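Single-letter residue listing:
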Amino acid sequence: MLRSMTGYGHDSASLGTLTFTVEMKSVNHRYSEVVCRLPREWGHAEDRLRRLVQSRVKRGRVDVAVSVERAGTAARQAVVDWPLAEAYIDAAKRLSERFGEAVGRAPTAAELLSVPGVFSLREEEAPDDAEDVLLACAERALERLMAMRETEGRFLAADAAVKLKTIEAAVARMRAMAPSVAAAYRDRLRERIAKLLGGEAPVDEDRLSAEVAYFAERSAIDEELTRLESHAAQFAALLRETEPVGRKLDFLLQEMNREANTIGSKANDAELAAIVVDVKAELEKLREQTQNFE
């Protein structure tokens, strides 16, 4: 089934003192793009997370936000950077040797603890299966995202089918009208010539027929109508596909617009030109919709 490129999915999971929350938002994009935002200490999971999303989303930009929280009772470990502490003490000794003890006395333990980087609190190590739990949480969020994209895709496809029927009906009207355009031109031309001659000379039927034949050839739209009908049929078939077809629909709409423009340039009839304007308006609405299809 066709999918929209916009959607949202969210899920949470817990493991021991850890709580994972994954939020996914997708929007229109010409290509496939996945942007992940994770806590720095969980950056190792980004590649698996990105591949998970790309396995399901073929087109559109997906923003993935991951948060990891620890329960207030989670154990923390006090960590001392011993090499850094020893470096400060060694520097104090060298200052004492050079300038005297008043300048370079050894720092106390309390002073060392206040030095940036010497002391820190580190969270307890995450369980070995924590990354798998995070990915399972992301997969559920992705399922909800895809469900929303599919639901919106069904509505878009149904509405697009209605607009396509309107275009097909307009094309059928133009095909029915096309043969009468040359006959109407013949009548108008005959009337103008007769008016100009004022009844003093007969209308040259041979020259009139030649002029009408030239007009009919120059304004013939049969080929354009046939191609427009073919493109509309292909468009309708693509709306029933289960694979992503957004780019194919974009291409078909470009071709349909091209045929409509050609018909408009050949239309030497006010009613026919009005129908072309209506067709182009519907094609523009379809174009706006196809921007949302995956």
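Structure's up top.
Parameters and conventions
Residues numbered from 1 in each chain as written. Predicted model: local features only at pLDDT ≥ 70, side-chain atom pairs only at ≥ 80, totals over all residues. Heavy atoms only, no water. Helix = DSSP H or I, 4+ residues; strand = E, 2+ residues; numbered from the N terminus. Buried < 20%, exposed > 50% of the residue type's maximum accessible area, 1.4 Å probe, protein only. Contact = heavy atoms within 4.5 Å. Areas by Shrake-Rupley, 256 points an atom, 1.4 Å probe, with all protein chains shown as cover. Pairing = 2+ DSSP bridges. Right-handed = clockwise from strand over helix to strand, strands pointing away. Axes fitted to C-alpha atoms, helices over the stretch in contact; angles between N-to-C directions.

Looking only at helices and strands, the chain features nine helices and six strands. Here the chain holds 294 residues, and 37% of them are scored as buried. Pairs at least 24 apart in sequence give 80% of the contacts found in the chain among residues at least 6 apart. Looking at the chain as shown, the accessible area adds up to about 17,200 Å², and 53% of this sits on carbon and sulfur atoms.

Judged from the 10 bridges that link them, strand β2 (residues 18-27) and strand β4 (residues 60-70) form a sheet pairing that is antiparallel. Looking at the pairing, V27 lines up with R61 of β4. Both strand β3 (residues 32-37) and β4 contribute to a ladder of six bridges, which runs parallel. The residue of β4 that forms the bridge with V35 is D63. Handedness of the crossover is the feature at issue here: the chain leaves β3, passes through helix α1 (residues 46-54), returns alongside β4, and the resulting connection is left-handed.

So, about the environment of A160. Structurally, the position occupied by A160 is in helix α5 (residues 130-197). When its relative accessible area of 0% is taken as the criterion, A160 is described as buried. Through-space distance from the C-alpha of A160 to that of T290 is 8.5 Å; in sequence the pair is 130 residues apart. Residues within four places of A160 in sequence aside, it is in contact with L239, L286 and Q289.

It is worth spelling out the side chain of E259 at this point. Secondary-structure assignment places E259 in helix α8 (residues 246-266). Residue class for E259 comes out buried when judged on its relative accessible area of 7%. Other than its neighbours up to four places away in sequence, E259 contacts E224, R227, L228 and H231.

What follows covers the environment of D269. Examined against the element boundaries, D269 turns out to sit in the loop between α8 and α9 (270-290). Between the alpha carbons of D269 and A178 there is a distance of 9.4 Å; along the sequence they are 91 residues apart.

A few words on the sheet that holds β4. If you walk across this open sheet you meet the four strands as β1-β2-β4-β3, and the pairing is mixed. Of all strands in the sheet, those with a lone pairing partner are β1 (7-15) and β3, marking the two edges. Along the sheet, successive strands turn relative to each other by an average axial angle of 15°, direction set aside. Packed onto the sheet, α1 meets β2, β3 and β4 and runs at close to 145° relative to β3.

Below, the discussion takes up the environment of D159. Note on placement: D159 falls in helix α5. Counting along the chain gives 130 residues from D159 to Q289, while the straight-line C-alpha distance between them is 8.9 Å.

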